[in-house]
Amino acid sequence: MKLPSAAEMRSLDQCAINEYNIPGIVLMENAGLGTVRMMEEELGPAANSFALLFIGPGNNGGDGLVIGRHLHQRGCQPIFFFLVNPDQLKGDAAANMDIVRKLRLPFHVIDSEARVQTLPVLYKQFVSRGQPCYAIIDALFGTGLIRSVSNQFLEIINLINYSDLVRGIPVIAVDIASGMDSDNGKVHGSCIHADHTATYGCPKPGHVLHHGPESTGKLHVIDIGIPPEALNRARITTELLDRNTTTSLVSPLRRIDNVHKGSHGHLAVLAGSIGKTGAATLAVKGALRTGSGLVSLFTTKSMNPIFETLLVEAMTVPLPSSTDFLGINDLLAIEHGLRGKKAVILGPGLGTEEATADLVLKLYQTVELPMVLDADALNILAKNRDTLGVAAGPRIFTPHPGEIARLLGCTINNVQENRMRAAQEACRIYSKERNDCIMILKGAGTIITSSGGNTSINTSGNPGMATGGMGDVLTGIIGGLLCQNVGCEEAAAAGVFLHGMAGDCLYEQYGFGYTATELSDKLPECIQSLLHSVS
């Protein structure tokens, strides 16, 4: 599902209006009517009640006017509160204001902070008539907001969010919760906390990024009549990564009867050091549970007995010159061992010793196989950003916010301010001359972006996954998918969703407290579920 930016959504609207001759007022009517239908599905019949509608200055306010009129049609008394002089409304919003006036529907103007104080008195008058309040409709600001809310707008948002007077009344946001940045989910000063959001045409990045989910509530995508031809023509490069999207990505995993282990690829894993054997173990398990035919772990002589015991289904490659950590002295042995492999994992628990760093930089710049980079490999690349050469093959980076901050040379706060921009900028920097770099910024709403310009925002995962080893399993999942003829972009996206999907299954069963090992064991069930969806 496409996730247009505010500018892209405006272009879509204009395409429907100018190229397909669909009047803007028709789109507005469809938006308002669709919202009321959603409200009745979620809240029940609107008859014999009243609703409070807070109207802002633009088309979002116009949508609110349509909503109020259709509530009126259903026997609900709409009461409009204009936070600007209604005479200032323009275009389609002004046309709908004319209808409201013709119908003599009640409205009040609260265009100053002082007038906000009259609202509690008015509300008590409405309640005294014996009818319940059906809903509060937030039609203050839409997707175009780029400044901090202030004055009467700020006062109203805080009243809706925190006043005991309206506590428990469902709050419906029109298109996006007022105060939220549509492109990144950032809150501009304060933001409505909606129970439901009716968004028009497509969901927006802000609904799933940053503070978006907690302010959006339940998201409903309303079809307002934008032709699919217009959507297909639009160059929207950001998508929502959900079950439907992932189902098509994992189709190469479907197996025929006449196959063997060699049919599903051989993965090389360079990971682990003294004290960090768990990271390597979990990466290998992630790959095996995803279905990789063979996995070989390159390790030191001292750690080999540990891995021989822990990983009975994987092979180990003890390196002759490495003791407590992998180093450049074993480059020839590693290059020889990479023959016949389909993909490489580099980094989990590897350490950052000088010899290890030299090895990582050499492999990054010479190995043509697809390579999944995590943890210490990322830290080594970050330290050598200014002198780093061009990668020899496709590279999938899997940083958490701290790691991508080091890759970018900025703070974690800078990253979290605009996660999508941070992922895209890191991808641009490390792509250099290639067009096959993929950056996965982990966290709530994991972002996958490629040097080809595509970005996905993940919908799976939960707070129970905030525990050690989860990232190592994700690295293994992606490596396992690469070995089974899943393309690099597809493996990155499918791996992220599968990882979160397995976590969601465990979260539903246990809440928090499950481990990365348990998550890896859940992967076959999740893959099977997705493959059944394809059938």
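This section reports on the structure supplied with the text. (Residues numbered from 1 in each chain as written. Predicted model: local features only at pLDDT ≥ 70, side-chain atom pairs only at ≥ 80, totals over all residues. Heavy atoms only, no water.)

1. Observations regarding the packing of aromatic side chains
Under the defined criterion, the tally for this structure stands at 9 aromatic pairs. Taken together, a centroid distance of 5.3 Å and an interplanar angle of 20° make the contact between Phe54 and Phe81 stacked. Placement of Phe54 in strand β1 (residues 49-55) and of Phe81 in strand β2 (residues 76-82) is noted, with a sequence separation of 27 residues between them. For the pair formed by Phe54 and Phe81, the shared burial category is buried. Pairing Tyr364 with Phe397 gives two aromatic rings, centres 6.3 Å apart and planes at 75°, and the pair type is edge-to-face. Of the two residues, Tyr364 is situated in helix α15 (residues 354-366) and Phe397 in strand β14 (residues 395-397); the sequence distance between them amounts to 33 residues. Like Phe397, Tyr364 is buried. (Phe/Tyr/Trp six-rings, centres within 6.5 Å; stacked < 30°, edge-to-face > 60°. Helix = DSSP H or I, 4+ residues; strand = E, 2+ residues; numbered from the N terminus. Buried < 20%, exposed > 50% of the residue type's maximum accessible area, 1.4 Å probe, protein only.)

2. Quick notes on the sheet that holds β2
Strand order in the open sheet formed by 7 strands is β3-β2-β1-β4-β5-β6-β7, with parallel pairing between adjacent strands. The strands lining the two open edges of the sheet, one partner per strand, are β3 (107-109) and β7 (218-222). Sheet twist, expressed as the average angle between the axes of neighbouring strands with direction ignored, equals 20°. In terms of strand pairing, β2 meets β3 through 3 bridges, oriented parallel. Its bridge partner lying in β3, Phe80 is registered against Phe107. Against the sheet, helix α2 (residues 24-43) touches β4 (133-139), β5 (171-174), β6 (196-200) and β7, its axis set at about 140° to β7. (Pairing = 2+ DSSP bridges. Axes fitted to C-alpha atoms, helices over the stretch in contact; angles between N-to-C directions. Contact = heavy atoms within 4.5 Å.)

3. Focus: the layout of surface pockets
In this structure, the largest pocket spans a volume of roughly 800 Å³. Lys442, Gly443, Ala444, Gly445 and Thr446 are the residues nearest the centre of the largest pocket, which is lined by 32 residues in total. If you tally residues by element for the lining of the largest pocket, the top one is helix α20 (residues 470-482), at 4 residues. Its residues assigned to classes, the lining of the largest pocket comprises 11 nonpolar, 18 polar and 3 charged. Within this model, the second largest pocket holds a volume of roughly 610 Å³. Surrounding the second largest pocket, 24 residues form its lining, Asp13, Asn59, Asn60, Asp63 and Thr143 being those nearest its centre. If you list the elements that add at least two residues to the lining of the second largest pocket, you get α1 (6-18), α2 and α3 (59-73). Examining the composition of the lining of the second largest pocket, we find that 5 residues originate from one element, α1, more than from any other. Residues of the lining of the second largest pocket, tallied by class, amount to 11 nonpolar, 8 polar and 5 charged. (1 Å grid on protein atoms, 1.4 Å probe; cavity = no way out; pocket = protein on both sides within 12 Å on 5 of 7 lines; lining within 4 Å. Points joined across faces, edges and corners; volume = space filled by probe spheres on them. Nonpolar A, V, L, I, M, F, W, Y, C, P; charged D, E, K, R; others polar.)

4. Digging into α20
Compared with an ideal rise of 1.5 Å per residue, which puts 13 residues at 18 Å, α20 spans 19 Å between its outermost C-alpha atoms and is within 8% of the ideal. Most of α20 sits out of view: 13 of its 13 residues are buried. (Expected span 1.5 Å × (residues − 1).)

5. Some words on the environment of Val415
Along the chain, Val415 turns up in helix α18 (residues 412-417). Between the alpha carbons of Val415 and Ala405 there is a distance of 6.4 Å; along the sequence they are 10 residues apart. Beyond its immediate chain neighbours, meaning those up to four positions away, Val415 contacts Pro401, Ile404, Ala405, Cys410, Ala422 and Leu441.

6. Points about the packing of α3 against helix α4 (residues 91-102)
At their nearest, the axes of α3 and α4 sit 8 Å apart, and the two run at 30° to each other. Relative to α4, the element α3 lies roughly parallel. Our pair here, α3 against α4, has a crossing hand that is left-handed. Contact residues: α3 offers Asn59, Gly62, Leu65, Val66 and Arg69, while α4 offers Ala93, Asn96, Met97, Ile99 and Val100. Looking at the contact of α3 with α4 residue by residue, the classes come out as 6 nonpolar, 3 polar and 1 charged. (Parallel < 35°, antiparallel > 145°, perpendicular 65-115°, else oblique. Left-handed = near helix turned anticlockwise from the far one by under 90°.)

7. Here's the deal with a nonpolar patch on the surface
Taken together, the side chains of Met1, Leu219 and Val221 present a nonpolar region at the surface, about 230 Å² in accessible area. Met1 gets classed as partly exposed once you look at its relative accessible area, which sits at 46%. (Patch = residues over 30% accessible without salt bridge, like charges linked within 9 Å, V, L, I, M, F, W, Y side chains within 5 Å. Areas by Shrake-Rupley, 256 points an atom, 1.4 Å probe, with all protein chains shown as cover. Salt bridge = Lys/Arg side-chain N within 4 Å of Asp/Glu carboxyl O.)

8. A look at the side chain of Ser431
Here Ser431 lies in helix α19 (residues 419-431). Those residues in contact with Ser431 that lie beyond four places of it in its chain are Cys437 and Ser451.

9. Some words on unusual backbone geometry
Located in the positive-phi region is Arg104, a residue other than glycine, with phi close to 55°. Residue position: Arg104 is located in the loop between α4 and β3. For Arg104, a relative accessible area of 76% translates into the label exposed. The residue His210 is not glycine, and still its phi comes out positive at about 55°. By the element assignment, His210 lies in the loop between α8 (205-208) and α9 (212-216).

10. So, the sheet that holds strand β10 (residues 294-300)
The 10 strands are arranged β8-β17-β16-β15-β14-β13-β12-β9-β10-β11 in an open sheet whose pairing can be described as mixed. The two strands at the open ends of the sheet, each matched to only one other strand, are β8 (238-241) and β11 (315-319). Sheet twist, expressed as the average angle between the axes of neighbouring strands with direction ignored, equals 20°. Judged from the 3 bridges that link them, strand β13 (residues 371-373) and β14 form a sheet pairing that is parallel. Bridge pairing in β14 places Val372 opposite Ile396. In the packing of helix α16 (residues 376-383) onto the sheet, the strands contacted are β12 (343-346), β13 and β14, and the crossing angle to β13 comes to about 85°.

Function cannot be read off these values alone, since they describe shape.
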